[in-house]
Amino acid sequence: VQLVESGGGLVQPGWSLRLSCAASGFTFSRYAMSWYRQAPGKERELVAAISSAGGRTNYVDSVKGRFTISRDNAKNTVYLQMNSLKPEDMAVYYCNVKLAARDDYWGQGTQVTVSS
């Protein structure tokens, strides 16, 4: 299993970024996918998740209305569109898939920096 995130960077408050996570090594269309983030000194938190077919999504309250998770099962890729970014969104963002209860995979992470 391999998860490769991309799309992070340095942006100003209010700007947008789109993160991508390219997945391989498993049948992508069968599994829910998630984005997590971890800021310095804080625990990793679930940001957004999407069901295997993309019909169901959920978000942490702090990003509702600003972030959108989506997926393209033909491209084995999950996305996180982040709008109206705030300094408190600054973190390393990770892609995650759980193939089974104890079979959990993470990408290497992509840094998002929000600063004026």
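The structure under discussion appears in the preceding block.
Residues numbered from 1 in each chain as written. Predicted model: local features only at pLDDT ≥ 70, side-chain atom pairs only at ≥ 80, totals over all residues. Heavy atoms only, no water.

Caption draft 1: Structural view of the overall build of the protein. Counting its regular elements, the protein contains zero helices and 11 strands. Written out in order from the N terminus, the α and β elements of the protein read β-β-β-β-β-β-β-β-β-β-β. Taking all 116 residues of the protein together, the buried fraction comes to 38%. Taking all contacts inside the protein whose residues are at least 6 apart in sequence as the whole, residues at least 24 apart take part in 51%. As displayed, the protein has an accessible area near 6,200 Å², and 46% of this comes from carbon and sulfur atoms. Separation of charge centres in the protein, based on 13 positive and 9 negative side chains, amounts to 5 Å. (Helix = DSSP H or I, 4+ residues; strand = E, 2+ residues; numbered from the N terminus. Buried < 20%, exposed > 50% of the residue type's maximum accessible area, 1.4 Å probe, protein only. Contact = heavy atoms within 4.5 Å. Areas by Shrake-Rupley, 256 points an atom, 1.4 Å probe, with all protein chains shown as cover. Lys, Arg positive; Asp, Glu negative; His and termini not counted. Charge placed at Lys NZ, Arg CZ, Asp CG, Glu CD.)

Caption draft 2: How the structure looks around the pattern of salt bridges. Taken as a whole, this structure holds five salt bridges when the rule is applied. Notably, a salt bridge pairs D89 with R37, separated by 3.0 Å at the nearest N-O pair. A residue pair is termed long-range when its members are at least 10 positions apart, and D89 in the loop between β8 (77-82) and β9 (91-100) and R37 in strand β4 (residues 33-38) qualify at 52 residues. Residue class for R37 comes out buried when judged on its relative accessible area of 6%. Where D104 meets K98, a salt bridge forms, and the shortest distance between an N and an O atom there is 3.8 Å. Judged by relative accessible area, D104 falls into the partly exposed class, the value being 35%. The partly exposed category is assigned to K98, whose relative accessible area is 42%. One continuous salt-bridge network, built from bridges that share partners, spans R37, E45, R66 and D89. (Salt bridge = Lys/Arg side-chain N within 4 Å of Asp/Glu carboxyl O.)

Caption draft 3: The arrangement of the sheet that holds β8 in detail. Here we have four strands laid out as an open sheet, ordered β1-β3-β8-β7, and antiparallel in their pairing. In this open sheet, the two edge strands, each paired with only one partner strand, are β1 (2-6) and β7 (67-72). Looking at each pair of strands side by side, their axes are set apart by 15° on average, direction ignored. Pairing of β1 with strand β3 (residues 17-24) involves five bridges; the strand directions are antiparallel. Each residue of the ladder has a partner; that of L3, found in β3, is A23. (Pairing = 2+ DSSP bridges. Axes fitted to C-alpha atoms, helices over the stretch in contact; angles between N-to-C directions.)

Caption draft 4: Quick look at the nonpolar core. The biggest cluster of nonpolar side chains holds 27 residues, and the ones touching the most others in it are M33, W35, V78, L80, M82 and Y93. Mapped by element, the contributors of at least two residues to this core are β3, β4, β5 (45-50), β7, β8, β9 and β11 (110-114). If near-sequence neighbours (up to four positions away) are discounted, Y93 is found in contact with E5, L19, W35, Y36, R37, V47, F67, L80, M82, G109, T110 and V112. (Core = buried A, V, L, I, M, F, W, Y, C linked by side-chain atoms within 4.5 Å.)

Caption draft 5: Region of interest: the packing of aromatic side chains. Within the structure shown, the criterion is met by four aromatic pairs. For the ring pair Y36 and W106, a centre distance of 4.8 Å and an interplane angle of 70° mean the geometry is edge-to-face. Of this pair, Y36 sits in strand β4 while W106 sits in strand β10 (residues 103-106), and the two are 70 residues apart along the sequence. An aromatic cluster of at least three residues, connected via ring pairs, comprises F26, F28 and Y31. Its end group placed over the ring of F28, R71 keeps NZ or CZ at 4.3 Å from the ring centre. (Phe/Tyr/Trp six-rings, centres within 6.5 Å; stacked < 30°, edge-to-face > 60°. Lys NZ or Arg CZ within 6 Å of the ring centre and 35° of its normal.)

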